Amino acid sequence: MIVPMSSPDLTAAERDAVAQVLNTTHLSIGPRLDAFERVAAAAAGAAHGVGVNSGTSGLHLAVIAAGVDKGERNPCDLVITTPFSFVASANCILYERGVPIFVDVDPRTGNIDPALVATAAADLAHGGPAARRWLPPALRDGGSDGRLRAILPVDAFGQPADMDPLCATARQHDLIVIEDSCEALGAEYKGRPAGSLGDVGVFAFYPNKQITTGEGGMIVTQRDDWAELFRSLRNQGRDVFDAWLNHTRLGYNYRLDELSAALGLAQMARLDKLLAKRAQVAAWYHERLADIDWIERPWVAPETTRMSWFVYVVRIRPPMERDDVMARLGEHGVPSRPYFTPIHLQPFYRRQFGYHVGDFPVTEELGRVSLALPFSSVMTLDQVDAVCERLRTL
Ligand SMILES: *Cc1c(COP(=O)(O)O)cnc(C)c1O
């Protein structure tokens, strides 16, 4: 039995929606984008949605809106974020010459630890030696402490970060909160939708996400001024009232085309069904893995009133080892992935910022034991059974 690692969930509705766009002359900046933005904003409980061509583009624009820039100082603007994530959530800070300040995570959820964030923010606001210890090793001997601008939590694996204490810390120190909800479309925290828990949130629609547009992303915010700014930045820096070749500010081509928007709109109409199917697959795994004592199943926090299952990530405990389990599954044709590989240990981050093994122990431990199993909304019970049987007889 062939079990793919992930798979989009597409029906005739999606194929028709995309085909219809080809009967029009509007292939970019058209009515599908407007409609997709309205539906996505409503789902996130936000006033505005701004479609972009990837989740990474959306995060980049959010970092610009937060005011992160190089400035005169060295190090420059600082953003507190998590090292246990996909690399884009830290890279987007570097695009504006800001410095990601990594803070370790809660071992149960893998989401950024709000108590550590509170300490880091207080130390960084205070300055001096207490502030320096939060900086990347390569920047600790610089002449200045940098200015803390924002907190960028990630809703890892579809589970919202513990946003209330994070937002309280942000209010205390006058910081912007950028919620990376690229893995958490439809999730809820204490009954409130992920993506709208901070000042700005970003969703992503790569084919392995809960819904897909091929490539694509969506920024959501309550702020009218930021929605305008995002629309300008994604479209080469044109303001809405600008003539076509008038560019008010430095912008980008981060536009989402109409074919992608039509696909996204058709997927949004099925969002509840897609999330229910993913929850069913997660429940099948949960039941079937209960009796394997070297597998620890994912933990859902009580604050997570709705989990939006993005991946199904287990932890491999002794006497087994993650890499060994992954290799042996692979020999039997079952794909699996180490998830996540800590950002601070990626070659580029080690080189640029001097990070070492041991800098963020909880993240590194999760990075050593976490294994993502094949997962999607189109996975069948037989496929889940096959994966679980393989694991049981390894
Ligand atoms: C997928 C993802 C992104 C980026 O999304 P793209 O659309 O691939 O650019 C950012 N952050 C996290 C945590 C993600 O999982």
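Throughout what follows, the structure given in this document is the object of discussion. (Residues numbered from 1 in each chain as written. Predicted model: local features only at pLDDT ≥ 70, side-chain atom pairs only at ≥ 80, totals over all residues. Heavy atoms only, no water.)

### Points about the state of the cysteines
Part 1: For the structure on display, the rule yields 0 disulfides.
Part 2: Unpaired in this structure, Cys-76 has its nearest cysteine sulfur neighbour in Cys-92, at a distance of 14 Å.
Part 3: For the unlinked cysteine Cys-167, the closest cysteine sulfur is that of Cys-92, found at 17 Å. (Disulfide = S-S within 2.5 Å.)

### Points about the sheet that holds strand 7 (residues 192-193)
Part 1: Ordered by their spatial adjacency, 3 strands build an open sheet running 7-6-11, and the pairing between neighbours is antiparallel. Two strands lie at the open edges of the sheet, namely strand 7 and strand 11 (304-306), each paired on one side alone.
Part 2: Pairing of strand 6 (residues 188-189) with strand 11, which is carried by 2 bridges, proceeds in the antiparallel orientation. Residue Tyr-189 lies in a different strand from strand 11, and its bridge partner there is Thr-304. (Pairing = 2+ DSSP bridges. Helix = DSSP H or I, 4+ residues; strand = E, 2+ residues; numbered from the N terminus.)

### Some details on the packing of aromatic side chains
Any two aromatic rings considered together are summarised by their centre-to-centre distance and by the angle between their planes.
Part 1: Tallied over the entire structure, the rule returns 18 aromatic pairs.
Part 2: With a centroid separation of 6.1 Å and an interplanar angle of 55 degrees, the aromatic rings of Phe-102 and Tyr-349 are classed as tilted. With Phe-102 in strand 3 (residues 99-102) and Tyr-349 in helix 12 (residues 347-353), this residue pair connects regions lying 247 residues apart in the sequence.
Part 3: On the basis of relative accessibility, which here comes to 1%, the residue Phe-102 falls in the buried class.
Part 4: Tyr-349 sits in the buried class, given a relative accessible area of 1%.
Part 5: Here Tyr-252 and Tyr-254 contribute two aromatic rings whose centre-to-centre distance is 5.0 Å and whose plane-to-plane angle is 15 degrees, an arrangement assigned as stacked. Of the two residues examined, Tyr-252 and Tyr-254, each falls in the buried class.
Part 6: By the ring-pair criterion, three or more aromatic residues cluster together here, those being Phe-102, Phe-348, Tyr-349, Phe-353, Tyr-355 and Phe-360. (Phe/Tyr/Trp six-rings, centres within 6.5 Å; stacked < 30°, edge-to-face > 60°. Buried < 20%, exposed > 50% of the residue type's maximum accessible area, 1.4 Å probe, protein only.)

### Observations regarding the site of the ligand
Part 1: Every one of the 14 residues lining the ligand counts as a neighbour, but Gly-55, Thr-56, Asp-180, Glu-183 and Lys-209 are closest to it.
Part 2: Contact between the ligand and Glu-183: an oxygen atom at 2.6 Å from a side-chain N or O atom of the residue.
Part 3: The fraction of the free accessible surface of the ligand (380 Å²) that becomes covered by protein chains is 92%.
Part 4: Applying the majority rule of atoms within 2 Å of the grid points places the ligand in the largest pocket.
Part 5: Per-element tally for the shell around the ligand: the top contributor is helix 3 (residues 55-65), with 3 residues.
Part 6: Its residues assigned to classes, the shell around the ligand comprises 6 nonpolar, 5 polar and 3 charged. (Near = heavy atom within 4 Å. Polar contact = N/O pair within 3.5 Å; in protein donor to acceptor, adjacent residues only side chain to side chain. Areas by Shrake-Rupley, 256 points an atom, 1.4 Å probe, with all protein chains shown as cover. 1 Å grid on protein atoms, 1.4 Å probe; cavity = no way out; pocket = protein on both sides within 12 Å on 5 of 7 lines; lining within 4 Å. Sits in = over half its atoms within 2 Å of the grid points. Nonpolar A, V, L, I, M, F, W, Y, C, P; charged D, E, K, R; others polar.)

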